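One letter stands for each residue in the lines below.
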Amino acid sequence: MRASKSPLLAEGVRMVGFHTAATIAPSLILWVAIYQLWAAVEELPQFLVFVFVLSLLPLAAQLGLWFCRQIWNGLSVTVTPPHPFGLALPLSLLLLIPMWPAGAWVANQVPDACETVAGEEVRTTLPTAPNRTAVFSVQVHGWGNSRAFGFNGGVVVYTGRGRPGAGPPFEDLYFDLARQRGHWTNSYTTFIPLTREVVGEYVRRSDNFPPGEAEAIADQIWDALNRYAEKRDLPPMIDHFHTGEGPRIVSYAPTSISFLFSCALALLPLAVGSWLLARRYCSRALTLERERLPV
């Protein structure tokens, strides 16, 4: 009897590793699927509730089959318990909830994981509404945080009414700071050099400005573009979106990146929990196998 049990014990040691991997794998696949569908999560947060409910289906099916087998074989006979992957699947989602604050914090400490956005306004003298004047909004985006950052490009948008009788305002000017080139809204496949002359042309074609004002506005826009490209004389950087006055650079980690960091932090407790569940599963399965062996 002792000789017949030894191979089962050795097999149990090998089984634990296999079933641990089999327990973790579905949870990892679920995490990857959620990351790939993150746009849907941001559009409809209730989607995560739907995913969690779906993650309960394998466990429900396992318990249902186990109960049917138990009834079929009689209550006096113990059948093999359900595989632990069904239990680990919903638990892996619940595990991300306490890990999220830490994951978001860690993501915000890594410059390459963060994005930056900034904006400045160049005011004009032309009215757009009572007590309001038109502005050129310089919107810049990039990467990084207070430790290290850079700006890639952005867009200049005019909020005025445009030239009288000429339809809507002239197209927006999109720019690439790294390559020093840009394009208009409706000609994004045709690039033009990003120069002071191009900025001046954009301002002049946007509206009928008084003599000299168009050149002054173009100088301010050109100065802003150069300051962001050279990272000098910039507004302060903060880690949250604000509603106060004055320009700011906002650094933040996208929620999809925070999700990835939360998954990375949750991986260790998931692995430990999966190993414990797999060990218990294999122990019970081998115990049932021993009970079936002839004495």
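Preceding block: the structure.
Quick caveat, the model's predicted, so the values are computed rather than measured.

Between the first and last C-alpha of helix α4 (residues 85–109) there are 34 Å, a value that for 25 residues agrees with the 36 Å anticipated at 1.5 Å per step. Met 99 marks the point of greatest bend in α4, at about 55°, and the proline Pro 101 comes within the next four residues. Of the residues making up α4, those classed as buried are Gly 86, Ala 88, Leu 89, Pro 90, Ser 92, Leu 93, Leu 95, Leu 96, Met 99, Gly 103, Ala 104 and Ala 107.

It is worth spelling out the pairing of strand β4 (residues 173–176) at this point. Because side chains alternate across β4, one face comprises the buried residues Leu 173 and Phe 175, and the other comprises Tyr 174 and Asp 176, none of which is buried. Sheet topology note: the β4/strand β5 (residues 181–184) ladder contains four bridges and is antiparallel. Residue pairing for β5: Phe 175 is matched across the bridge by Gly 182. Joining the antiparallel neighbours β4 and β5 is a turn of four residues, in which Gln 180 adopts a positive phi near 50°.

This part takes up the environment of Tyr 35. Inspection of the secondary structure assignment puts Tyr 35 in helix α1 (residues 2–36). Note on Tyr 35: relative accessible area 29%, which makes it partly exposed. Beyond its immediate chain neighbours, meaning those up to four positions away, Tyr 35 contacts Ser 256, Phe 259 and Leu 260.

Reading guide: rules and limits
Residues numbered from 1 in each chain as written. Predicted model: local features only at pLDDT ≥ 70, side-chain atom pairs only at ≥ 80, totals over all residues. Heavy atoms only, no water. Helix = DSSP H or I, 4+ residues; strand = E, 2+ residues; numbered from the N terminus. Expected span 1.5 Å × (residues − 1). Bend = angle between axes of the 7 residues up to and from the residue. Buried < 20%, exposed > 50% of the residue type's maximum accessible area, 1.4 Å probe, protein only. Pairing = 2+ DSSP bridges. Contact = heavy atoms within 4.5 Å.

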